[in-house]
Structures are given as structure tokens and as C-alpha cells.
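If you want the building blocks of each chain, they are given just below.
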Amino acid sequence: MMSLLESGTLFLTLGIFLYGILYFSFFREKNNQKISKGILFFRNNFVRVIAGLSLFAIIELTTRNIHHILFAFLTVVLPVAVLNLVAALKMDKLTEGEVNDYRVGYLQNNWSDKSYKYLQSKDWDNTVFKKVHESGAVKLSTVEANPSVIVSVSANRAQHELSLFHRLKENYNVKLICMDANNAKDQIDEVDQDSRFIYLDGDRDAFNLPAILDEIQIGQVDIILDKKGALWHNSKKVDTFFEIAYNKLSPGGVVIIDGSQQNKVLTRLSFLYYQLFRTIIYPSELSTLNKIEGAIGSGSFADQHFERIDAGEGIFRTVIFKKKH
Ligand SMILES: C[S@@+](CC[C@H](N)C(=O)[O-])C[C@H]1O[C@@H](n2cnc3c(N)ncnc32)[C@H](O)[C@@H]1O
């Protein structure tokens, strides 16, 4: 039987060797593009597996023998490495820095379409609409001269927004304005058909909301929607986002974000599945609430200036932040 030191060294050498092969084969610049964040994700996971198994090896080796470690290596590290490899091979377009790129040819392209189809299969729009309505937190205008202004700051293809607009336009007087940092207006058929539904031209950063609203001569808005968008991608700028929203919201106005409650293991697995097969079988990303939870606690801008109201549950949960003063 090998000594603890010998077995540990063998295990680590095997791990580093395999990692090295993967790194030099697939994780380096490919087609003159930088390492993709998607690939980094897999690489980091791989490192985590190695680190976890090394720890396991050290504990295991104090009492048992090398065969347990080789077994773990073959059953855990190798399959993960193979999955990483397949995923890495499939990702030749996405580059770091462009991980937020939803244009044709990039991994995220069609994400919102696929996600929308998945959510539609669960009757998501209807259920969320009903739950938000039942919460009583959102009041909409019926006065023709004074429409409620709804701004979706990260609308992408605006599927949810169009569906919302169709629901609202018969009973309320609303103006729904969409924008996005990666404008997807040209991918929407049904736009410019009703002057109350507007998709702003150009790439618009939600953090420039005041200037954007000035440009279209809108002083205040009643509802800001941000579903897996600006906050999701900028979880370090949560206070700034809420401060901007606060200054632009009318009294009692709201920010609404997604707060889907989902199983973390299934989320991980379905994310991996999406990376490999580009199909959503379960919510494959954390919700915006998950992403920003640490930044909206006691003492945060959101906590001090907004009342939090949760509407719905499970994948249908949304979180409404109602302006306090
Ligand atoms: C995952 S998609 C979600 C799209 C849509 N809200 C949905 O749920 O189907 C994320 C969107 O957020 C947009 N986004 C990211 N950061 C943004 C920012 N700072 N301002 C505006 N949009 C942003 C991206 O361009 C992308 O269209």
C-alpha cells in the first residue's frame, strides 16, 4: 500500500495533468478570441472538483487505500472533465466580456426566446400577472389624460412586455416603454403597431435611465421592470440602481424584479444542460432576487427607501419594491 504522501501526490499529479491537458487544449485563446466566461465557469468548476476530491483524498487516505481515491477520480473527476470538454468544444464563439452578448452567434443568443417558451409552457405570464394584481401593490391609471408609465429596462425581445401590454391595454391607460443594453427591437414583429407600446432605438444602459427619460420627455415613471436584466448583470451596483429608480419613480411607484424560488442543484444541472444542448428544461439561472439578496438587506438603499412585497411563489414569485415616501 502506498503511503499517504505518495497517494496524495499521485492523485494531485493526475488532477493537474488532466487539468493541464484541458487548459492547453480548450481553455486558451481559440480562434483569436479570449477565454470565454462560459468556459471559465466550467474550468472553475473543475478546479473545485479537484480541490474537493483532494480534501476527500487526504481524509480517506488516513484510513484506507489508493483504490478508493482512484474510484472517486474515475467516477467524479473524469465524467466532469468529459462534460467540460464537450461544453468547451461547443463554445467557440462566446468571449469573455461578451458574455452579456445576446447577438446572433453568441451563446446567449435566443436565450430570452427559449426562456420565454419555457416559461410560457408553465403559464408564467398569466400566473405572475394574477399574483402581482392580487398583491394590491400596483395601481394603474384608467384616466386617459394621465397614463401609467411602465418602463422595462432590460426588455430584450420584449415578449413578456408585449404579453403584459395586451393584458393591460383594454382595462387601463398605460404607456409601456422598452429598452435594453443590447437592443433587440429588430427581432420583434409586433412593434410600432400601437403608439402606447414603445421600444427605444439604440443600446440603452439602465443606469442611464434619467438621461434616457429626459430624451423622451418623461419626468416620472410608475413601474420599472427588470427581469433578469440590469440588476442581474450588475449585482455590485444595486444601491445605485435603486437610487436611480427612486428618483425617477412617482410616489408609490414600484420596481418589479423576478424572484423565482428554485432548487439550486436542479438549477446547476439545467444550466449545464443548457450549455451543452441549448435547451431550457428547468430555470437554469438564479433569479435577480438571488443575485442581489445580499445588497438589499438592512441599511441598504432599497431597504431604507422601498417596502418589499413578495407576490406569488415558486418560479412565479416576483418581488415588488414600493417607493416609501
Ligand atoms: C437574460 S436577458 C433577459 C431578457 C428579458 N428581460 C427576459 O427576461 O426575457 C438579460 C438582458 O438584460 C440586458 N441588460 C444587461 N445589463 C443591462 C443594463 N445595464 N441595462 C439594460 N439592459 C441590460 C441584456 O442586454 C439582456 O437583454
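One can find the structure itself at the top, above this paragraph.
Residues numbered from 1 in each chain as written. Predicted model: local features only at pLDDT ≥ 70, side-chain atom pairs only at ≥ 80, totals over all residues.

Peer 1: Would you mind going over the overall build of the chain in detail, with residue names and values included?
Peer 2: Across its full length, the chain carries 12 helices and 7 strands. Considering the chain as a whole, with its 325 residues, one finds that 34% of them fall into the buried category. For the chain, the proportion of contacts with a sequence separation of at least 24, taken over those separated by at least 6, is 71%. (Helix = DSSP H or I, 4+ residues; strand = E, 2+ residues; numbered from the N terminus. Buried ≥ 20, exposed ≤ 12 C-beta atoms within 10 Å, placed from the backbone. Contact = placed C-beta atoms within 7 Å.)

Peer 1: Please give an account of the pairing of strand S7 (residues 318-323) that cites residues and values.
Peer 2: Where burial is concerned, most of S7 is hidden: 5 out of the 6 residues are buried. Sheet topology note: the strand S5 (residues 249-258)/S7 ladder contains 5 bridges and is antiparallel. Residue pairing in the sheet places Val254 in a bridge with Lys322 of S7. As paired strands, strand S6 (residues 306-311) and S7 are joined by 6 bridges and run antiparallel to one another. By the bridge assignment for S7, Ala311 is matched with Thr318. (Pairing = 2+ DSSP bridges.)

Peer 1: Go over the nonpolar core, please, and point to the residues and values.
Peer 2: Ile224, Ala245 and Ile256 are the most contacted members of the largest nonpolar core, which totals 52 residues. With 6 residues, helix H9 (residues 238-248) is the largest single contributor of residues to this core. (Core = buried A, V, L, I, M, F, W, Y, C linked by C-beta atoms within 7 Å.)

Peer 1: Can you break down unusual backbone geometry residue by residue, with the values?
Peer 2: Despite not being glycine, Ala158 shows a phi value in the positive range, around 55 degrees. Inspection of the secondary structure assignment puts Ala158 in the loop between strand S1 (148-152) and helix H6 (159-168). According to the C-beta neighbour criterion, Ala158 is buried, with 25 such atoms within 10 Å. Within the chain, Gln217 stands out as a residue other than glycine whose phi angle is a positive 55 degrees. For Gln217, the position within the fold is in the loop between helix H7 (209-215) and strand S4 (221-226). For Gln217, a count of 6 C-beta atoms within 10 Å puts it in the exposed group.

Peer 1: So what about the site of the ligand? Which residues, and what values?
Peer 2: Around the ligand there are 22 residues in total, and Ser154, Asn156, Ala181, Ala206 and Gly229 lie nearest to it. Elements with a contribution of two residues or more to the shell around the ligand: helix H4 (111-121) and helix H8 (230-233). Looking at the shell around the ligand, the element that brings in the most residues is H4, giving 4 residues. Grouping the constituent residues of the shell around the ligand by class yields 9 nonpolar, 9 polar and 4 charged. (Near = placed C-beta within 6 Å. Nonpolar A, V, L, I, M, F, W, Y, C, P; charged D, E, K, R; others polar.)

By themselves these figures say nothing about function.
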